[in-house]
Amino acid sequence: MSAAQRALATVLELLIGDRQADRAVPPTGFTVWLTVLTAGAMAFLAVFALALTLATGRLADRWADSLAQAVTIRISAPAEQRQAQTDAVLRILETTPGVASARALQTTEQAALLEPWLGPDLPIDRLPLPRLVEVVGDDLDAQGLRLRLAAEVPGAILDDHTRWRAPLVEAASRLRLLGWTALILIAGMLGAMVTLGAQAALAANTEVIRVLRLVGARDAYVARAFTRRFTLRALTGAAGGALLGTLAVAALPSTDAAGGFLTGLSFAGWGWLLPLLIPPFAAITAFAATRRAALRALARFE
Amino acid sequence: MSAHDCVARAAGAEEAARERRGTGYTVIELKGAGYSYGGDGILGGVNLRLDGGSFHFLTGPSGAGKTTLLKLCYGELKPSQGQVDLFGHDSRTIDRDGLARVRQRIGVVHQDCRFLDHLPMAENLSLPLTASGRESAADADSLRQLLAWVGLSHRAHALPPELSGGERQRAALARAIIMDPEVIIADEPTGNIDWEMSQRLLTLLAELNRLGKTILVATHDLALIRAAKSQVAARVLRLAGGQLQLAGSDL
């Protein structure tokens, strides 16, 4: 029998079950709710960790893309030369490869940018503010443009946002790593809790195991009675937890309503399907943990 | 008796096999086997060979190690010295699935019966069948006949704690033979049953032996051993001081 056939047979055995094996091993009260509740809580948390992981991934990509495409040219020159230098910069940009669009910000736009910090009544026309030119690039050679501006328009300084873009992207990447780490920890915790429950059930059924072995039961038969029970409990608990978690994520305020990073935690597109993977993953984790615990316990009996 | 018919039918194949290979083949053999509990040696260098179709009584004082010797014979214990062969397999090296298969060929009546208290008697009796994946409609019929023979038809749905000592002992015997084993090992099977039931039990064991089963019975009951002489050619072994001796004719 191939590995795939064996895996299929195992899944069928788990689904169909063995009524006699189930009856031979009586359920142990507290391990039932311990496993179901643990799986439910872990699945609930896993949904949020998954949402965080995906959201930070999207955020990192968006920041990296948008910042990589946009550069700003700051023109610091005496007031009487400012317009001439701005025009010179725009002419240079017209002939620079990789520039998709370029435009000088209007005074009102600059005032709007400063308003959150300096208030609405800013006398911007009396302040020696530099002119800003916004450039959207498409595979722009920023270093080449910087050198050309330095040679032809000494008052123009190109800022490709690298200085503050890199830490932002790195922060988002670390958040994504944190999300994956949380998912791994959750899986580990689920495995540990199921192992604990299985060990308690095995300890409570020592005499049952001994009798089954003495009447000729193979280890696989005895282990199956435990693994099936714990696998189905974990599957049930995780299905409930994943459903609640998904509903909670769906209930988060929308980006349009509130704006900002936190509201972007929701799933997007095919991401809504990912919580469906959590219950089977929990079941597989529980199966492996219980089988390992059962076989180790069985080794104590001849 | 219907249960006898059932046993005889189940043993038919075994009898044919016995005729083919003849008696004298060894099913269980202890070669200088010893066992010690935490350094206290209870058995030392015991030699015993159980041939197919033989009948042995094992007697001896309490604490002599009769139960320990029986456990060596069905693989619940591994010898701390010497060797025990179960159907040709060294019990020290046989793998766990192999040991399970060997146990399916040995029916054991435990001194304390060892039932699962949460299961009705009918399910307890068929446990060897279900655990080995051999349960069938015919087995369900055999179970009913066995329950009838041991007088427990009306107790099929009772839980083990609800049974008297004698009923439990009879049920344990029924469970031991439901798999149609080649060897039957009984540890004080008449300890909790009356003389009449002891005789019925002995008759069944003798019948099973005539059908080719190998029987090993540990008992204090010398009267039972004497009574058995008229029914079977049994060897009587005495275990004392950790050593096994062939008992004299004074029994």
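Model, not experiment: these values are computed from the prediction.

Visitor: Which residues make up the sheet that holds strand 1 (residues 70-75) of chain A, and what values do they have?
Guide: All names here are of chain A. Within the open sheet, the four strands sit side by side as 2-3-1-4. Their pairing is antiparallel. Taken across any chain shown, the strands that pair with only one partner, and hence form the sheet edges, are strand 2 (99-104) and strand 4 (156-159). Each strand axis lies, on average, 20° off the axis of its neighbour in the sheet, ignoring direction. This element, helix 4 (residues 79-94), spans strand 1, strand 2, strand 3 (131-137) and strand 4 of the sheet and lies at about 10° to strand 3.

Visitor: Before we move on, could you go through the pairing of strand 3 of chain A and cite the residues and values that matter?
Guide: A regular strand places its side chains on the two faces of the sheet in alternate fashion. All names here are of chain A. Of all the seven residues making up strand 3, five are buried; the element is thus mostly covered by neighbouring parts of the structure. Pairing analysis gives five bridges linking strand 2 to strand 3, with the strands arranged antiparallel. Each bridged residue has a counterpart across the sheet, and for alanine 104 the counterpart in strand 3 is valine 133.

Visitor: Tell me about the side chain of A:Thr290, and please be specific about residues and values.
Guide: Residues and elements named next belong to chain A. Looking at where threonine 290 falls in the secondary structure, it is placed in helix 11 (residues 278-298). Of the polar contacts made by the side chain of threonine 290, one reaches the backbone oxygen of alanine 286; its length is 2.6 Å. Contacts of threonine 290, omitting those with residues within four sequence positions, involve Val194, Ala198, Phe226, Thr227 and Phe230.

Visitor: Which residues make up the pattern of salt bridges, and what values go with them?
Guide: In total, this model carries 18 salt bridges over all chains according to the counting rule given. The partner of B:Arg96 in a salt bridge is A:Asp219, with the nearest N and O atoms 2.4 Å apart. Here the residue B:Arg96 occupies a position in helix 3 (residues 96-103), and A:Asp219 occupies one in helix 9 (residues 219-250), the pair thus bridging two chains. Members of the salt-bridge network, linked through shared partners, are A:Arg103, A:Glu109 and A:Glu134.

Visitor: Residue-level account of the environment of B:Thr68, with values.
Guide: Residues and elements named next belong to chain B. Assignment of secondary structure puts threonine 68 in helix 2 (residues 66-73). With 26 residues separating them in the primary sequence, threonine 68 and isoleucine 42 have C-alpha atoms 8.1 Å apart. Beyond its immediate sequence surroundings of up to four residues, threonine 68 is in contact with Tyr35, Tyr37, Ile42, Leu43 and Leu77.

Visitor: Residues and numbers for the sheet that holds strand 2 (residues 40-51) of chain B, please.
Guide: Residue and element names in this part refer to chain B. Taken together, the four strands give an open sheet; going across it, the order is 2-1-4-5, and neighbouring strands pair in antiparallel fashion. Among the strands making up the open sheet, the edge pair consists of strand 2 and strand 5 (89-90). Direction of pairing for strand 4 (residues 81-86) relative to strand 5: antiparallel, over a ladder of two bridges. From the neighbouring strand, aspartate 85 faces strand 5, where its bridge partner is aspartate 90. Its contacts with the sheet put helix 2 on strand 1 (26-37), strand 2 and strand 4, and the angle it makes with strand 1 is roughly 130°.

About the criteria used
- Residues numbered from 1 in each chain as written.
- Chains lettered and ligands numbered in written order.
- Predicted model: local features only at pLDDT ≥ 70, side-chain atom pairs only at ≥ 80, totals over all residues.
- Heavy atoms only, no water.
- Pairing = 2+ DSSP bridges.
- Helix = DSSP H or I, 4+ residues; strand = E, 2+ residues; numbered from the N terminus.
- Axes fitted to C-alpha atoms, helices over the stretch in contact; angles between N-to-C directions.
- Contact = heavy atoms within 4.5 Å.
- Buried < 20%, exposed > 50% of the residue type's maximum accessible area, 1.4 Å probe, protein only.
- Polar contact = N/O pair within 3.5 Å; in protein donor to acceptor, adjacent residues only side chain to side chain.
- Salt bridge = Lys/Arg side-chain N within 4 Å of Asp/Glu carboxyl O.

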